[in-house]
Every structure is written in C-alpha cells, then in structure tokens.
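# Chain and residue survey
Here are the chains, one letter per residue:
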Amino acid sequence: MIDKDKVLHIAKLARLHLNEQEASQYAKQLSDVLGYIDKLNQADTQGVEPMVTASPIETVYRADEPKMDLGVEEKIKNAPETSGHLIKVPPVVS
Amino acid sequence: MNLETAKISEIVNSVQSNKISAAEVMQFFLQRARQWQDKTNAIITFNPEAEAQAAKLDAAIAKGEQVGPLAGIPVVVKDLLCTKNLKTTAGSKILDNFVPPYSSTVVERLENAGAIVLGKANLDEFAMGSSNETSYYGNVKNPWSLEHVPGGSSGGSAAAAAARMAPLAIGTDTGGSIRQPASFCNVVGLKPTYGRVSRYGIVAYASSLDQAGPMANYIEDVALALEVIGGKDPRDMTSANQAVPQFSNIQKEVKGLKIGLPKEYFGEALSSEVRSICEESIAKLKSAGAEFVDVEIPHLDYTIATYYIIATSEASSNLARYDGVRYGHRSEDAKTLEDLYCNTRAEGFGEEVKRRIMLGTYSLSSGYYDAYYLKACKVRRLLQNDFLKAFEKVDLLLSPVTTSAAFKVGERISDPLEMYLNDIYTTSTNLAGLPGMSVPAGFSSAGLPIGVQLTAPHFAEDRLFQVGKVIQDMQNVADRRPQ
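For the structure given in this document, a descriptive report is provided here.

What counts, and at which threshold
Residues numbered from 1 in each chain as written. Chains lettered and ligands numbered in written order. Predicted model: local features only at pLDDT ≥ 70, side-chain atom pairs only at ≥ 80, totals over all residues. Heavy atoms only, no water. Helix = DSSP H or I, 4+ residues; strand = E, 2+ residues; numbered from the N terminus. Rg over C-alpha atoms; globule rule 2.2 N^0.38 Å. Buried < 20%, exposed > 50% of the residue type's maximum accessible area, 1.4 Å probe, protein only. Contact = heavy atoms within 4.5 Å. Lys, Arg positive; Asp, Glu negative; His and termini not counted. Charge placed at Lys NZ, Arg CZ, Asp CG, Glu CD. Axes fitted to C-alpha atoms, helices over the stretch in contact; angles between N-to-C directions. Parallel < 35°, antiparallel > 145°, perpendicular 65-115°, else oblique. Nonpolar A, V, L, I, M, F, W, Y, C, P; charged D, E, K, R; others polar. Expected span 1.5 Å × (residues − 1). Salt bridge = Lys/Arg side-chain N within 4 Å of Asp/Glu carboxyl O. Buried area = accessible area lost by both parts, 1.4 Å probe. Polar contact = N/O pair within 3.5 Å; in protein donor to acceptor, adjacent residues only side chain to side chain. Core = buried A, V, L, I, M, F, W, Y, C linked by side-chain atoms within 4.5 Å. Pairing = 2+ DSSP bridges.

### Overview of the overall build of chain A
A tally of helices and strands in chain A yields three helices and two strands. Reading the secondary structure of chain A in the N-to-C direction produces α-α-α-β-β. The C-alpha atoms of chain A give a radius of gyration of 23 Å, which is well past the 12 Å a tight globule of 94 residues would have. By principal-axis analysis of the C-alpha atoms, chain A measures approximately 55 × 45 × 20 Å. Burial statistics for chain A: of 94 residues in total, 31% are counted as buried. Sequence separation of at least 24 residues holds for 20% of the intrachain contacts in chain A that already meet a minimum separation of 6. Side-chain charges in chain A split into 11 positive and 15 negative, and the spacing between the mean points of these groups amounts to 4 Å.

Here's what the structure looks like:
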C-alpha cells in the first residue's frame, strides 16, 4: 500500500510537483494498481534470467565520425530562453 | 479509379502514368480529411506544405524523374514521430511548441519513397492510453460511432485510416497501441517485430517495447509500407540487421499452414461477439486449407502486471528529459532550477503521464527494484519462452485483439486499473518482441468493427500478410467506410 507521504517522496524523486489533492488521488490509484501487480509474486522465477530487451544483446560498433551537424542556431531554436548561443536557466542555488 | 477504395499501388501507378496528378490525389484526401476532422478530431496539425509538395512531385514526374513506390500517397503520421519543421507534440502540453530540427527515420523513408505527410495524428499523451482520451488536444472519436472511443494510443491514426482521410497512416505500438485501435476502427494495423523498424526520431515511451508500424485499409498497403519503412538504421542501434523481404508479394495459399489457438486468449473475459467473429475467421481459414492446433501461453495472466512495471519504469527514465531547459514548455513560476524542473513537469504533463512516471519511479526506486522491476523482467522471459515453445508447433497464432468492441467515451477513463486490463491480449506481443497484426474481420450487432489478431515468430511478418489476406478476402469488410 502506498500512502500520501510515500507518494510525495516518489514525486520528489521524479521531479514532479504535486498538490495535496493529487497526492491523495495517486495514493489510492497507485495502491490499486500495485495491489493488482502483486500477482507477479505467484510466478515461479527461480533461476530465470531477467529479460530487458527482445533484441540480441550485442555491442554495436560504428566508426566514430561526425555525421549530422545541425549548427548551433538549429540546435537551440527550441530553447525557451537563450542568451547568445547559451541556454538560460534560473539560479541553481537561490 | 475510386480513391475511396483504391489500393496504394493503384494510386501510385496512376500518378506515375499521369492518369491522375499527385496534386489531385492530395486535394481529394485533404477535402475528406477536413470533413472528418470536424467529427473525429483525428489530426493535431495539418501540414501546410502538403499541396506544394504534391505539386513538386508532379513537376518531377513531368520531367521524367524516377519516383518511389509511394509516389503521391498522402500519409497521416502519429504526432509522436518527429517531422522536420512541422510541430511534433506527442499529444502533450509539454511539447506544445516543439518544432523538430530533423525527421524520424520512418518519416524520412516515407518521404524518400514519394509519400507526402498530410497531417500529424492525435494520440494519447506520450502514447500512454488505450482510448485516446488522455491527449492534451482533446479526445478522438471513433468514426463508426462518435460516442465511442477509437482506441489508443494511435487513435488518431486509426480514425484517419478508417474514415479514409488518407490511404496510409503510421502509428506506434508499445502494448497494443496500433492493433487495438485498428480493431476498433476496421483498419489493418501492424506492429512489426521489435527491431524491424527504426525508432530514431520517435518520442520514446518504453524503448524496449516501442515499434512504429503502418495502418491502412488493406493488407497489401500495410505490406508495401513495411517494405519502405523497415530495415537497419545506423542511427538506432536496436534496429535489426535483417533483410527486408518483398512483403507486398503476398503468398496466396494457406494450405498446410499450422495456426495456433492460444487457449488462454479465449477465456471467460472474452465477449460472445468477439468470440464468434474469431470463430468465423477460423472456419473460413479451415475451409481454405489451414490447420488449427491448440497451444498454451501459461503466463498470459501475468502480462498486464509485467507490462505496466516494465513500460512505466522505462517511461520514468525516458521522460526525465522534459525539464523545461532545452525545448518544450517551461514554467514561468520558478525561482530556482529545482523549481523549474518540478513546476515545468507539473504543468506540462497530464494526469495519466504523471501516474505512469510515478509508478515507474517507484518500481525502480531503492528497496523496490528487485520486487518490481527485476521480477517483471524475469516474468517477461517466461512469457517469451511460452511463445517460443508454441512456435515450435505452429507457424503463427490467431487470437482476439480485445475482449469487446470499442467502449464508450468516458466509460473507463476514471479507473486506471480497468483501463490497463483492456490490454490483456496485446501487451505480451511487445514483451516478447514479436510481430502482430489486427485484421478487420467483422462488425458487432451495434455496428462497431471487430478485428482478429495474428502473431508470428520474430521477423516472420510475411505470414501475417499471408493469413491476413485470406481473412480480408473472405470476410469482405475492408471496403466498408463509415458514413
């Protein structure tokens, strides 16, 4: 079961600001979903290798050559706030 | 040629031989698209250059230049695939102002083959949803009944293909997001084998499950589109180094083919209407010479739990990039960088996306990783083994896509768990990395479409087309259009 404090802790890890009402709602909904997910415990997975991808796990090599260069203007044209060729953000420490 | 029922190859041949211009084709579909847009809300952004691009293609043909296998074909692309200089939102407020500086490989390959993007299809926000009700740009309605959902997350692509707003649409499928809306809308929808189609330039939801694929009215069109978009891409290291066969050359016979019926897919949850449409298809395939064998997927019962842990874990990591710094929405209410992250994400993401980020963050967090994420990865292996074992006995599987036909708008959106359970028959295909396809097979008594799902071994999409074509020819619903 997940209570409101737990929800707020997870939200902090996920960098999501939640209000009180959202936190209560998610506590209930996530508890329901996790209650259902607990059925995974019934599956016997002793000695089973975890599967993280359906691809063959192999190292894909390529030559280390630059291919596409959009140029700085194109690269930062979507940035909300810029200063010259730099992206601006608020102070890291207030 | 009737553009309402013409196959893609017919349209392309007519354009190449000057019987009709690409501009005329585009005008026909744009007019239809605008009419249906008012009813369905299937499209987020129309391509303002579509007519100019069609005219350019006509000029190239007039000069005798070689054009590709999709010359002049208007295509509706899910708004999860980046299109250079054309807004790409992922159905989210957080990308409301995002104009990509490059195109996804899928779009690049479509355009190199002569296709022209007509518009960007609506979708559940970040492809998270099964009803197209979580989009920031409003829900999409099912063109067969505007009170019903079109399915999701590729609901806009499915509605556009169903209403013939374009002869081809592109969707993506992480847990059923191509096949389920295809089934709800009387459209052929293919989720290719994991690695068949490059994910480069597609907004990531769950990277080990995501695949883009074609949606269209006819099997032949989907096969042709896969030929164009499939194949190794050096920009996606998970794209497979596998030759792309000539899929559009569909084998006609199904005689001697062994088709498995996984008994867990035909349990109590299945509605009688979907069951009887599956049985009809089975009977017809039998009469065409296919052989049916019962098989088992014993771990099917765990598929939803496994899927929702793995998909949300990957999503929580993939969506960490939306921080208001380099692109997308930025909160104006932030005094520090930490505030900027937390407020931007609070304002920019919708409720379902937040819920999945939270679930994924929890599954990966210290103290819970082994019990949730790692456990799910182990069950994923067991599920894949079930399929590999079944494919030792049979060439492919036939099953329902969903338990019932499309549900009503608003019916399931308030209960997340109930919405998740909707994906019972589709998620395991993604977990195992297999190719799957929904083929239109009939209509419910209320007039809603119902599809049948085919699942093949890795990289054996040709078998889906082979069997799908028989269902298409015998069930005779592919030419039906909503009024």
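### Observations regarding the packing of helix α1 (residues 4-13) of chain A against helix α11 (residues 351-364) of chain B
Two numbers describe how α1 of chain A lies on α11 of chain B: the axes approach to 9 Å, and their chain directions differ by 90°. By the criterion of interaxial angle, the relationship of α1 of chain A to α11 of chain B is roughly perpendicular. Facing α1 of chain A, whose interface residues are Lys-6, Val-7, Ile-10, Ala-11 and Leu-13 of chain A, α11 of chain B presents Met-358, Thr-361 and Tyr-362 of chain B. Grouping the constituent residues of the contact of α1 of chain A with α11 of chain B by class yields six nonpolar, one polar and one charged.

### What about α11 of chain B?
An ideal rise of 1.5 Å per residue puts 20 Å on 14 residues; α11 of chain B measures up with 20 Å between its terminal C-alpha atoms. With twelve of 14 residues buried, α11 of chain B is to be regarded as a mostly interior element. Those residues of α11 of chain B that sit buried are Glu-352, Val-353, Lys-354, Arg-355, Arg-356, Ile-357, Met-358, Leu-359, Gly-360, Thr-361, Tyr-362 and Ser-363 of chain B. Tucked inside the fold, the buried residues of α11 of chain B contact α1 and α2 (20-37) of chain A together with α9 (303-318), α10 (337-348), α12 (370-393) and α13 (416-421) of chain B.

### Quick look at the pattern of salt bridges
Enumeration according to the criterion identifies 26 salt bridges over all chains in this entry. For Lys-28 of chain A, the salt bridge goes to Asp-32 of chain A, with nearest N and O atoms at 3.0 Å. With Lys-28 of chain A and Asp-32 of chain A both in helix α2, this residue pair falls four residues apart, about one helical turn. Relative accessible area serves as the criterion here: at 35%, Asp-32 of chain A is assigned to the partly exposed category. We note a salt bridge from Arg-196 of chain B to Glu-461 of chain B, for which the minimum N-O separation is 2.9 Å. Taken as a pair, Arg-196 of chain B in the loop between β5 (188-191) and β6 (211-216) and Glu-461 of chain B in helix α15 (residues 461-475) lie far apart in primary sequence, 265 residues in all. Here the two residues Arg-196 of chain B and Glu-461 of chain B agree in accessibility, since each one is buried.

### Things to note about the interface of chain A and chain B
If you look at the interface, chain A gives 53 residues, while chain B gives 67 residues. Its largest share of buried area at the contact with chain B, chain A owes to Leu-40, Met-51 and Asn-78 of chain A, together 14% of the area lost on that side. The interface formed by chain A and chain B contains four salt bridges. Note that Asp-301 of chain B is salt-bridged to Lys-39 of chain A, the shortest N-O span being 3.0 Å. At the boundary of chain A and chain B, one finds 22 residue pairs in polar contact (both at pLDDT 80 or more). Elements with a minimum of two residues in the side of chain A that touches chain B: α1 and α2 of chain A. Ranked by the residues each element gives to the side of chain A that touches chain B, the list is headed by α2 of chain A, at ten residues. Here the side of chain A that touches chain B is composed, by residue class, of 31 nonpolar, ten polar and twelve charged.

### A word on the nonpolar core
The biggest cluster of nonpolar side chains holds 182 residues, and the ones touching the most others in it are Leu-70, Leu-110, Phe-126, Leu-285, Leu-398 and Phe-465 of chain B. Ranked by residue count, the leading element in this core is α12 of chain B, at nine residues.

### Structural notes on the sheet that holds strand β4 (residues 168-173) of chain B
All names here are of chain B. Spatial strand order, β1-β3-β2-β4-β6-β5-β10-β11-β9-β7-β8: eleven strands in an open sheet with mixed pairing. Two strands bound the open sheet, and with one partner strand each, they are β1 (43-46) and β8 (291-295). Put simply, the sheet's adjacent strands are angled 30° from each other on average, direction ignored. By the bridge criterion, two bridges tie strand β7 (residues 258-262) to strand β9 (residues 396-400) in an arrangement that is parallel. What sits directly across from Gly-260, in β9, is Leu-397. Seen against the sheet, α12 touches β7, β8, β9 and β11 (449-455) and runs at an angle of roughly 115° to β9.

### Quick word on the environment of Tyr-420 of chain B
On the secondary structure map, Tyr-420 of chain B appears in helix α13. Looking at Tyr-420 of chain B, the relative accessible area reads 3%, which means it is buried. A C-alpha to C-alpha distance of 24 Å links Tyr-420 of chain B and Trp-144 of chain B, two positions 276 residues apart in sequence. Those residues within four positions of Tyr-420 of chain B in sequence are excluded, and the remaining contacts are Val-33 of chain A together with Ile-304, Tyr-308, Glu-352, Arg-355 and Arg-356 of chain B.

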